Each structure stands twice: as structure tokens, then as C-alpha cells.
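# Architecture and fold: a report
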Amino acid sequence: MKDKVIVTGGCGYIGSHTVITLIHHNYEVVIIDDFSNSSPQILDRIERISGVRPHFEQVDLKSFEATQAVFKTHKDAKAVIHFAAHKAVAESIQNPLMYYQNNLFSLLNVLKAQQENSINHLIFSSSATVYGNPSKMPITEDAPTQRSSSPYGNTKKIAEEILEDFTNSQSEISVISLRYFNPIGAHASGQIGEFPSGIPNNLMPYITQTAAGIREKLMVFGNDYPTKDGTPIRDYIHVVDLAEAHLKALERLLDTSTTSPLEIFNVGTGNGFSVLEMIKAFEAVSGSPLNYEITDRRPGDVPEMFASTTLAKNVLKWEASRNLKDMIQSSWTWEQNLRSELK
Ligand code: UFG
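In short, a report on the structure. (Residues numbered from 1 in each chain as written. Predicted model: local features only at pLDDT ≥ 70, side-chain atom pairs only at ≥ 80, totals over all residues. Heavy atoms only, no water.)

As a further point, take the side chain of Ser127. Within the element layout of this structure, Ser127 appears in strand E5 (residues 121-127). The class of Ser127 is buried, set by a relative accessible area of 10%. Those residues in contact with Ser127, other than ones at most four positions away along the chain, are Tyr152, Lys156, Leu178, Arg179 and Tyr180. (Helix = DSSP H or I, 4+ residues; strand = E, 2+ residues; numbered from the N terminus. Buried < 20%, exposed > 50% of the residue type's maximum accessible area, 1.4 Å probe, protein only. Contact = heavy atoms within 4.5 Å.)

Take a look at the structure:
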């Protein structure tokens, strides 16, 4: 058994896939989750897939006392991967205080509890949203960050600023912040995947739910953008590739010879696909036409985002290996076979 790692939000979409990758690489995992957007059944599924049931602690990270207590119990952990956060853009516009309170208090409490228990490595879930509407493609990590159009996006930008100040102030804790592009796809077992509560905000679950008959029709938000077919371009990344990026980041942090206080990496494939290309690719995988309609732009959407992958390749020694067909096929399998069992 290798080192112990605390994974907050380990029952969530990206967290659960990362936990499985970590277990496969013999790490001892402690999941912290409050089930606010996940379910206890995920623990059973992680056990079914990996053969190991991770330690589990149900904790609300907004409480410092509760966070401190669980970090003290697991003070032999070597690192924390902090996924736990609210992530719905539209909800954050409706309820900004809930987002700032949840996403920022939890980060502050995690950092303080790490400091008090000498758990000296952190991987933070950031987002390409910190780039705002970038002027140059592909986006490199040194592109300026911009204020986001949503409180959710802003919590990620502010979190990175907190991490910068924190890592500048003292040398004990080293941090890698991973800026995710657009995670889609599901585990090859078909046992875990994205499980949006209510109406999905994101494209891929909306497509699969439409094809499954849960939604009547996909609304394509605008076809008058300055892109090849007028619909916005995004860098979709397979969630298992994303999980593997966390493994590489962990290995880098634990290898003290390479560690510097704060490092930031894009996690994308470097390829951009438009909304219409995604629909076509989905139709090819599912073998049926998708019901969709072009409608108005969605406020806050930018025309084009795709990552420069050079830094991750050279420094993190990570690059995505799964293609768009793998991503869409696994999302569709997950939607068809097992999603409905999770209530
Ligand atoms: N889209 C539609 N119809 C839908 C849903 C999405 O046409 O029903 C389009 C969007 O307009 C966009 C593309 O599909 O052009 C991708 O949209 P997503 O919502 O899937 O992804 P975003 O790039 O908008 O969102 C991602 C992350 C967020 C992050 C945001 C900020 O999922 O966490 O980037 O840019 F905040």
C-alpha cells in the first residue's frame, strides 16, 4: 500500500473516477463527502469496480471543527485532492452567497486543517473558466485570468488567488491547481458517470438525456458565433483521462525533488469541437438522429476554448489518450444502462 490520500468530494463525478484510479495504483483513499450532489451508492460502486472500499467520512467542509476533526484522524495522509464544490453556473447566478460560502469556506477550512495536521500537499480542482474569454488559442497557462461571468467561475478564480497568497506565505504546503476544460464520458465499467441533479446545464448530459427520452429536445444556444459552423467550440476531455492527470499531479507532489509551491496546469486534449460536431458525433455513436433546435445564445458563453497541452505533457508527463468517440460512447452507455438505478 502506498500513501494515504484524502479526497474531498470523492463520491462526485470527477472525484469517484479519480478514487478508482488511485486505488488501482495502490493508494489508500479517505473520501470526504456530504452527499449534497452525490449518493452513498457510489461507495458500493467504487468497491465493486476496484475491489476496495475506501474509508469514508460524511463531513460538511463549511464547518472548520468537523474538517479539523477528520483531518486529525487521518493526519498520516500525505496529500489532499479537493474536489468538493458546487458547480452549477446558473444556480450560482441565482444564489451567489451559497457559492462563495460553500466553495471558498471549504477551501479555507481544508488549507487550515492541512496546516494544523502537517498534510503538506494539495491538488485543487480549478477550471478553464478562469481564462474568461481568452484572446489566443490554444490557451496557455500564462494567459491572463479574467473575472468570470458567473459566481461559480469566480469562486475558482478567487480560490487560485487564495492559493497563490497562501503558498507565497509559507513553504510547507505545495499545491497543484488543475484547470479542467470540459469533462465528459464515464468509467468503462458503466458503473459510475455524471449524474446531474435536475435539468442538466452541460451539453453532454443534455444530449444523452434527450436521446434517452428524458428531455424532449436539445436547445443549441446560438449558431452565430465566429466559429467554423457558428456554434461554440470546447475542449472535451474524458473523465478517466482527467482522473489520470490527478494521479500524475499527486506523484509529482510526492516526489519532493520536483515540487515548487504552486503549479498550474491545463487539463484538456488540445482539440476543439463545436456543438454541432458533438451532435453529429453522438448521432454516429447512437445510430439515431437527435432532436435539437437552434435557439438564442446563452448569456456568458464564449465562442472558443481549447487548451495548450504542452506544459502538462512536458512537466506533468500527462496527456489525454481517449478520443471523442470513447468519450461519447461511454457517456451513452452510462446513460442507457445504469444511470436510472441511482436514485
Ligand atoms: N450547450 C447547448 N445546449 C445545452 C447545453 C450547452 O447548446 O443545453 C452549448 C453551450 O452553449 C456551449 C457548449 O454547449 O457552447 C458547452 O456547454 P457546457 O455547459 O457543457 O460547458 P461550458 O463550456 O459552458 O461550461 C464549462 C464548465 C463549467 C464552467 C464553464 C465556464 O462545465 O464548469 O465551462 O466556461 F464554468
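Look at helix H11 (residues 324-337): 20 Å from first C-alpha to last across 14 residues, which is about the 20 Å you get at 1.5 Å a residue. Within H11 the residues assigned to the buried category are Leu324, Met327, Ile328, Ser330, Ser331, Trp332, Trp334 and Glu335. If you follow the buried residues of H11, they end up packed against helix H2 (41-50), strand E7 (182-184), helix H7 (203-211), strand E10 (236-238), strand E12 (273-274) and helix H9 (275-286). With a side-chain oxygen lying 3.1 Å from the backbone nitrogen of Lys325, the N-terminal cap of H11 falls on Asn323. (Expected span 1.5 Å × (residues − 1). Polar contact = N/O pair within 3.5 Å; in protein donor to acceptor, adjacent residues only side chain to side chain.)

Before going further, it helps to examine H7. Taken across its 9 residues, H7 has 8 buried, putting it largely inside the fold. Turning to H7, its buried residues are Leu203, Met204, Pro205, Tyr206, Ile207, Thr208, Gln209 and Thr210. Residues of H7 that are buried make contact with E7, strand E8 (218-221), E10, H9 and H11.

So, on to the sheet that holds strand E6 (residues 174-180). Pairing is parallel across the open sheet formed by 7 strands, whose spatial order is E3-E2-E1-E4-E5-E6-E11. Strand pairing shows two members of the sheet lacking a second neighbour, strand E3 (55-58) and strand E11 (262-267), which therefore form its edges. Here the average twist between neighbouring strands, direction ignored, is 20°. Here strand E1 (residues 4-8) runs beside strand E4 (residues 79-82); their pairing, made up of 4 bridges, is parallel. If you follow Thr8 over to E4, its bridge partner there is His82. Along the sheet, helix H5 (residues 96-117) makes contact with E1, E4 and E5, crossing E5 at roughly 165°. Packing against the sheet, helix H8 (residues 239-254) makes contact with E1, E4, E5, E6 and E11, and its axis sits at approximately 160° to E6. (Pairing = 2+ DSSP bridges. Axes fitted to C-alpha atoms, helices over the stretch in contact; angles between N-to-C directions.)

On to the site of the ligand. Taken together, 18 residues are adjacent to the ligand, and Leu203, Met219, Arg234, Arg298 and Asp301 come closest. Between a nitrogen atom of the ligand and a main-chain N or O atom of Met219, the distance comes to 2.7 Å. Arg234 has a polar side-chain atom sitting 2.7 Å from an oxygen atom of the ligand. In isolation the ligand has 680 Å² of accessible area, and contact with the protein removes 88% of it. Top element by residues in the shell around the ligand is E8. It accounts for 4 residues. (Near = heavy atom within 4 Å. Areas by Shrake-Rupley, 256 points an atom, 1.4 Å probe, with all protein chains shown as cover.)

Remember, this is a structural readout, not a statement about activity or role.
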